[in-house]
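Below, each chain spelled out in residue letters.
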Amino acid sequence: MWQVHGRMIDCASNIMFSTMSSCCQQFLGLALMVLVTRSTVSCPARCECAPQIKSVVCHRKRLTAIPEGIPIETKVLDLSKNRLRCISSGDLSTFPLLEEVDLSENIITNIEPGAFSNLFNLRSLQLRGNQLKLIPTGVFSRLTNLTRLDLSENKIVILLDHMFQDLRNLKQLEVGDNDLVYISQRAFSGLLGLEQLTIEKCNLTSISAESLSYLENLGTLRLRYLSISFLEEQNFRKLYNLKELEIDSWPLLETITPTTLYGLNLTYLSITSTNLSSVPSGAFRNLVYLKLLNLSYNPITTIESGSFRDLIRLQHLYLVSTMLTTIQPHAFLGLKQLQVLNISNNFLATLEESALHSVANLAVLRLDNNPLSCDCRLLWLLQKRKTLSFDHKQPVCASPADIQGSQLNDFEESALHDYFTCQKPKIRDRTPQRVTAGEGQTVYFTCRADGEPTPVIMWVSPQRRMITSKSNGRATILPGGTLEIRFVQLHDSGTHICIASNAGGNDTSFAVLTVKSQRSDGSLYANRTSPLPEFNETALNDTQVLLKFTLDLKTILVSTAMGCITFLGVVLFCFLILFVWSRGKGHHKNNFSVEYSFRKVDGPTVSGGQGGARKFNMKMI
């Protein structure tokens, strides 16, 4: 080669004097051919090259530095799973045509600023699975065409301000599975074109709305495996183009406030594996464009009426493994476009038709792996088997015993009314209960009923207040239907009604309570013989009654006195007016005459005499 270069120099000198010989022309052509051949077919040792696509693959070659001999026109460079420790500022500057660089799964601890500054055509940069703890500002400078950056599975502690400043065309960013504890408020500044962001498996305790506000064109945000216990109000308020939001595996998250998702136009929302115990209905109020909602793997036991009423465009709803035991009537009210409902792997005994009253377009229903009671409440479901799909996951009967383990599709149409029936509740002992108790005591009334399905026991107080198993206060229903009234008061007296109800009907029984005052004769204070803890509370109640009574008595006395004074004052005022009038100045007559005449009639007068005028005198006293 050195001889070739010498002959090229001689030829070049001859060219200057226009005396190129044929020999020089041959050597020059040979040299150019050798250089071109070397640049196109050379490949680093232990690496694999594909000239047709201009790629160099040095995957898992135990390299400790970027190898020599990489062709200058290389577009794809794979250096993954090696032992690279550092990327210096000039290591890749000689390959300006690079479009994809994979440095994942090395042991890189440091990247110098400007390490990729000459790679104007770079579109994809993989740095996953290294030992990076901090990325200085300027590392990604001048990468104006980069569209994908993966920084996941490193040990990055903080995202500094402006570290992505020049990545205005970046579309996808992965920063998950790091030791992140803080994201600076301006860390995402400059990411004007970012469409996808994934943050997962970090030590973050909060995500600032300020830091997210720079991602105005973000379309997909995935937040997984985080130790965040709350979300700020309007946490995503400036993400106007966000369509997909995923919150997964936040074990400390218990509530989502009504304003958390304010301003979003989501079409996909997934909140899974958190500690939500109820459906955050308030947070869904403005999500009118939502089409898919996933609330699986949350400890939600009950879906209340109207929980999704604002999601008017919802088509897919998933509540898998949420510990559901109850779905109230009209729970899915307003979901007129719902097509897929998955409530599998729960503890549901039934799904009544009233829960899906307004759902007309349901095509797929997953009810499998629920302890279903196959009675009259599920009869509607079997009647829709021809138009409703179970997605090849057949629901199975858990009760009654004679059809336990049978799939819903196993029953013939003619036999539905033989198996899917309900037994009207019947209270075991309907004899009216009568109890007399003193104020402050605790009273129990029993109410047990048989029926299929198991009846629900409710009580109605004398004031027509409904008492259920979830009621709070002095009156509660114990397991088994027994009514407990603690610290009974005089207004608790009256008839309490027990109502046992199920899908087959209801039955009632009555219990009469008489509460007597335990006050001593002639005394406003009651004598108590109960233990000290009860005595204190009862005495306090009696004191409040005594004060109330005292205040009422004073009110009556004051009102009566004021009424009497007012009456006497009016009478005295009238007498005063009469006295003044009677003593007034001027002439007046005490006597005056009155003249009158009878009306003429045909014939004699009534008195038998002739008609005429009459007079009489009157005296004013």
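The structure reproduced in this document is the subject of the present report. (Residues numbered from 1 in each chain as written. Predicted model: local features only at pLDDT ≥ 70, side-chain atom pairs only at ≥ 80, totals over all residues. Heavy atoms only, no water.)

The secondary structure content of the protein chain amounts to 6 helices and 35 strands. Sorting the 621 residues of the protein chain into buried and exposed places 39% on the buried side. For the protein chain, the computed accessible surface area is about 34,800 Å², with 54% contributed by carbon and sulfur atoms. (Helix = DSSP H or I, 4+ residues; strand = E, 2+ residues; numbered from the N terminus. Buried < 20%, exposed > 50% of the residue type's maximum accessible area, 1.4 Å probe, protein only. Areas by Shrake-Rupley, 256 points an atom, 1.4 Å probe, with all protein chains shown as cover.)

Turning our attention to the sheet that holds strand S31 (residues 483-485). With respect to topology, 3 strands assemble into an open sheet ordered S26-S31-S30, the strand pairing being antiparallel. Only two strands of the sheet have a single partner each, and these edge strands are strand S26 (443-445) and strand S30 (475-477). Averaged over all neighbouring strand pairs, the angle between strand axes comes to 20 degrees, with direction disregarded. Note that S26 and S31 share 3 bridges and pair antiparallel. (Pairing = 2+ DSSP bridges. Axes fitted to C-alpha atoms, helices over the stretch in contact; angles between N-to-C directions.)

Glancing now at the nonpolar core. Counting residues in hydrophobic clusters, the biggest one holds 117 residues, and the most contacted among them are Phe116, Phe140, Phe188, Phe308 and Phe332. Only strand S12 (196-200), strand S13 (220-224), strand S14 (244-250), strand S15 (268-274) and helix H4 (379-383) provide two or more residues apiece to this core. Counting residues per element, this core draws most heavily on H4, which supplies 4 residues. The contacts of Phe308, once residues within four sequence positions are left out, are Val279, Phe284, Leu293, Leu295, Ile303, Leu317, Leu319, Ala331, Phe332, Leu333 and Leu335. Of all hydrophobic cores here, the second largest spans 19 residues; its members include Ile457, Trp459, Ala500 and Leu513. (Core = buried A, V, L, I, M, F, W, Y, C linked by side-chain atoms within 4.5 Å. Contact = heavy atoms within 4.5 Å.)

Moving on, we come to the side chain of Thr198. Structurally, Thr198 can be placed in strand S12. What makes Thr198 buried here is its relative accessible area of 3%. When neighbours within four sequence positions are excluded, Thr198 is seen to be in contact with Leu173, Glu174, Val175, Gly176, Arg222 and Arg224.

The next thing to look at is the pairing of strand S27 (residues 449-452). Because side chains alternate across S27, one face comprises the buried residues Ala449 and Gly451, and the other comprises Asp450 and Glu452, none of which is buried. Judged from the 3 bridges that link them, strand S24 (residues 423-427) and S27 form a sheet pairing that is antiparallel. Residue pairing across strands places Gln423 opposite Glu452, the latter belonging to S27.

For the structure shown, the criterion picks out 14 salt bridges. Arg430 is the partner of Asp507 in a salt bridge, and the nearest nitrogen-oxygen pair spans 2.5 Å. Linking Asp507 in strand S33 (residues 505-516) with Arg430 in the loop between S24 and strand S25 (433-438), this pair joins segments that are 77 residues apart in sequence. Here Asp492 and Arg474 are joined by a salt bridge, their closest N and O atoms 3.0 Å apart. Residue Asp492 is located in the loop between S31 and strand S32 (494-502), and its partner Arg474 is located in the loop between strand S29 (466-467) and S30; the two are separated by 18 residues in the primary sequence. Here the residues in one salt-bridge network are Lys81, Glu105, Arg128 and Asp150, joined through shared partners. (Salt bridge = Lys/Arg side-chain N within 4 Å of Asp/Glu carboxyl O.)

According to the stated counting rule, one finds 5 disulfides in the structure shown. The disulfide that involves Cys43 links it to Cys49, with 1.9 Å between the sulfurs. Across the S-S bond of Cys43 and Cys49 the torsion is about 85 degrees, and the bridge reads as right-handed. Cys49 sits in the partly exposed class, given a relative accessible area of 29%. With its sulfur 1.8 Å from that of its partner, Cys447 forms a disulfide with Cys498. (Disulfide = S-S within 2.5 Å.)

Our focus in this paragraph is the sheet that holds S29. Spatial strand order, S25-S33-S32-S28-S29: 5 strands in an open sheet with mixed pairing. Among the strands making up the open sheet, the edge pair consists of S25 and S29. Bridge count between S25 and S33: 6 bridges; the pairing is parallel. Its bridge partner lying in S33, Gln433 is registered against Ala511.

It is worth spelling out the packing of aromatic side chains at this point. Each aromatic ring pair is characterised by the separation of its centres together with the angle its planes make. For the coordinates displayed, the defined rule picks out 6 aromatic pairs. Ring centres of Phe308 and Phe332 lie 6.0 Å apart, and the angle between their planes is 10 degrees; on these two criteria the pair is classed as stacked. One end of the pair, Phe308, is in the loop between strand S17 (302-303) and strand S18 (316-318); the other, Phe332, is in the loop between strand S19 (326-327) and strand S20 (340-342), and 24 residues separate them in sequence. A relative accessible area of 0% places Phe332 in the buried class. An angle of 35 degrees between the planes, with centres 6.3 Å apart, marks the rings of Phe445 and Trp459 as tilted. Linking Phe445 in strand S26 with Trp459 in strand S28 (residues 456-460), this pair joins segments that are 14 residues apart in sequence. As far as burial versus exposure is concerned, Phe445 and Trp459 are alike and both buried. Connected via pairs of aromatic rings, a cluster forms that spans Phe140, Phe164 and Phe188. (Phe/Tyr/Trp six-rings, centres within 6.5 Å; stacked < 30°, edge-to-face > 60°.)

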